[in-house]
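# Observations on the model geometry
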Amino acid sequence: MKKIGQLLLVALLGAGLTLGAYKAFWEEPQVRTIIEEAPAPVRQVSQVKGAPADKVSFVQAAEKTVNSVVHVKTATRAQQPQTPLEYFFGMPQNPHRGRGRLRMGSGSGVIISPDGYIVTNNHVIARAEEIQVVLNNEDEYKAEIVGRDPTTDIALLKLEAEELPYLEFSNSDQIRVGEWVLAVGNPFNLTSTVTAGIVSATGRNIGIIDKRTAIESFIQTDAAVNPGNSGGALVNTQGQLVGINSAISSQTGTYEGYAFAVPSNIARKVVEDLKEYGTVQRGFIGVSISDISARMEEELELPSSKGVYVAGLTENGAAAEAGLEKGDVIIAVGQKEVTKSSELQELIGSKRPGDKVSVTVRRDGETYTYELVLRNAQGTTDLVKKEDKAFVNLLGGQFRAITKEESQLYGLAYGVKVTEVKEGILSEQQIPEGYIITSINQNPIRDVDDINAAARRLRKDEPVVIFGVLPNGREKYFAFDV
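Computed from a prediction, not measured in an experiment: that's the story for all the values here. (Residues numbered from 1 in each chain as written. Predicted model: local features only at pLDDT ≥ 70, side-chain atom pairs only at ≥ 80, totals over all residues. Heavy atoms only, no water.)

## Re empty space enclosed by the protein
Filter applied, for reference: Each cavity reported here is a set of points on a 1 Å grid over the protein atoms alone in which a 1.4 Å probe fits but cannot get out, each pocket an open set with protein on both sides within 12 Å along at least five of seven lines, and each lining residue one with an atom within 4 Å of a point. Grid points are joined across faces, edges and corners, and a volume is the space filled by probe spheres set on the points. Helix and strand assignments come from DSSP, with helices taken as H or I runs of at least 4 residues and strands as E runs of at least 2, each series counted from the N terminus. Three categories are distinguished: nonpolar for Ala, Val, Leu, Ile, Met, Phe, Trp, Tyr, Cys and Pro, charged for Asp, Glu, Lys and Arg, and polar for the others, with Gly belonging to the last.
The final tally for this structure, using the stated rule, is one cavity of 30 Å³ or more. Lining the largest cavity are Thr152, Ile215, Ile266, Lys269, Val270, Arg282, Gly349 and Ser350. If you tally residues by element for the lining of the largest cavity, the top one is helix H6 (residues 264-277), at three residues. Its residues assigned to classes, the lining of the largest cavity shows three nonpolar, three polar and two charged.

## Focus on the pattern of salt bridges
Put simply, the rule reads: Salt bridge, as used here: a side-chain nitrogen of Lys or Arg that lies within 4 Å of a carboxyl oxygen of Asp or Glu. Using a 1.4 Å probe on the protein chains alone, a residue whose accessible area is under 20% of its type maximum counts as buried, one over 50% counts as exposed, and one in between counts as partly exposed.
Tallied over the full model, the rule gives 11 salt bridges. The salt bridge partner of Arg282 is Asp149, with a shortest N-O separation of 3.0 Å. A residue pair is termed long-range when its members are at least 10 positions apart, and Arg282 in the loop between H6 and strand E14 (287-291) and Asp149 in strand E6 (residues 144-149) qualify at 133 residues. A relative accessible area of 12% means that Arg282 is categorised as buried. We classify Asp149 as buried; its relative accessible area is 6%. A salt bridge links Glu321 to Arg375, with the nearest nitrogen and oxygen atoms 3.7 Å apart.

## Describing the nonpolar core
Soluble globular proteins tend to bury their nonpolar side chains together. The condition is simple: We define a nonpolar core as any set of buried Ala, Val, Leu, Ile, Met, Phe, Trp, Tyr and Cys residues linked to one another through side-chain atoms lying within 4.5 Å.
Counting residues in hydrophobic clusters, the biggest one holds 34 residues, and the most contacted among them are Val110, Ile112, Leu182, Leu241 and Ile244. Tallying contributions element by element places H6 first for this core, with five residues. Core analysis: the next-biggest nonpolar cluster, separate from the first, contains 22 residues, Val392, Ile440, Leu470 and Phe480 among them.

## Here we look at the sheet that holds strand E13 (residues 259-263)
Let me state the cut-off plainly: When DSSP finds two or more bridges between a pair of strands, those strands are recorded as paired. Between the N-to-C directions of two axes lies an angle of 0 to 180 degrees, each axis being a line fitted to C-alpha atoms and, for a helix, fitted only over the stretch in contact.
Strand order around the closed barrel formed by six strands is E8-E9-E10-E13-E12-E11, with antiparallel pairing between neighbours. Put simply, the sheet's adjacent strands are angled 45° from each other on average, direction ignored. Taken together, the three bridges between strand E8 (residues 180-185) and strand E11 (residues 233-235) define a ladder with antiparallel strand orientation. Within E11, the position partnered with Leu182 by the bridge is Val235.

Now the structure itself:
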């Protein structure tokens, strides 16, 4: 009885720690201990139980892949808590104070060109102050961030190197459930680890990317993936890049049979945008969507649950202009059938503003096809380069000068109110809607143009300090690097 009681206690503790382990795995660097000298590279290829050696061999794919997968080491500055004076009055005593200790992290990356471009996960390098990349031959390089996209959890790094081994992207639309795949990365700092499995499912949306415009259409596999594998390669038996390993579903924080990878088509499009424009060009069709539940299928008298329900349309958006209506069910984009929202997000996410797509919908038992011209988040078809983006755009939001009533309510002579938070610095720094910016680095902010003017006055490597008033009236500042 005593042993049974101990086992039950362990089980209950495991269940209680599930959420904490999950959050720690996703919200913090993959490995939170200090990185020590890595053990000798592991070159042994995993074998599949019950598979005849002459029928299934991963040797060629593994040998090709291990030399193109790198170990990504990061140094992240831990946030220090505010002093009581700063907490209660929001006054920055010293913007350079409180930067905290460097904390080491680890992940993986994939070389995708001989001149040193590397794709990895955004969460591997987010907030990193220093990034070191170790190749399979143990050569070590300093890496620079070319760009990153939190909405797909993809980032692009660059090394100053030549003639590196690299992997080619495959067409992830052609991947099939049941197909053999290899996962290659650096779990637990064990470099060049290869595991094998099959594609368990495609188009998985598991809700781990906390972004309003997130694109989740993961490839699910049962190849063993653990902390440290993030950013590594998922390849087919020809050694072509099928996806970027990103997540696991686990109650313990380690592999339990469910791993997820960003499809190569999404990763390739993000990489191409970051290389060419410095920022991701996201096309939108201008609809709010949902999967079709059994209840919706019955109430709307639909022939099946396949397709994506159009719950609403953006005014003057691409879909509304083309003729789509609320209540339509999108069943195809081009020649590609659409059965759920994650598939639609993946297909549209691979396009840019200005691209034309045909969308087929079911309406009142009839089928209609419309030609749409995709637009950007601002409702235009323009492509934007990073260097052309004003600081106010990098903040990611909508702004306006405060009204006379707001000036009296908060006792302010001037200020600019955040009326909407989108993707960008505001979201990353958790600056809320309703926050009133009164100064940036001690430059008064009276209108939106003052935001850009204050940013232009920043010295190189000078942190940004935004001072203002929260919706509850409490003064608060936000300090960060750009």
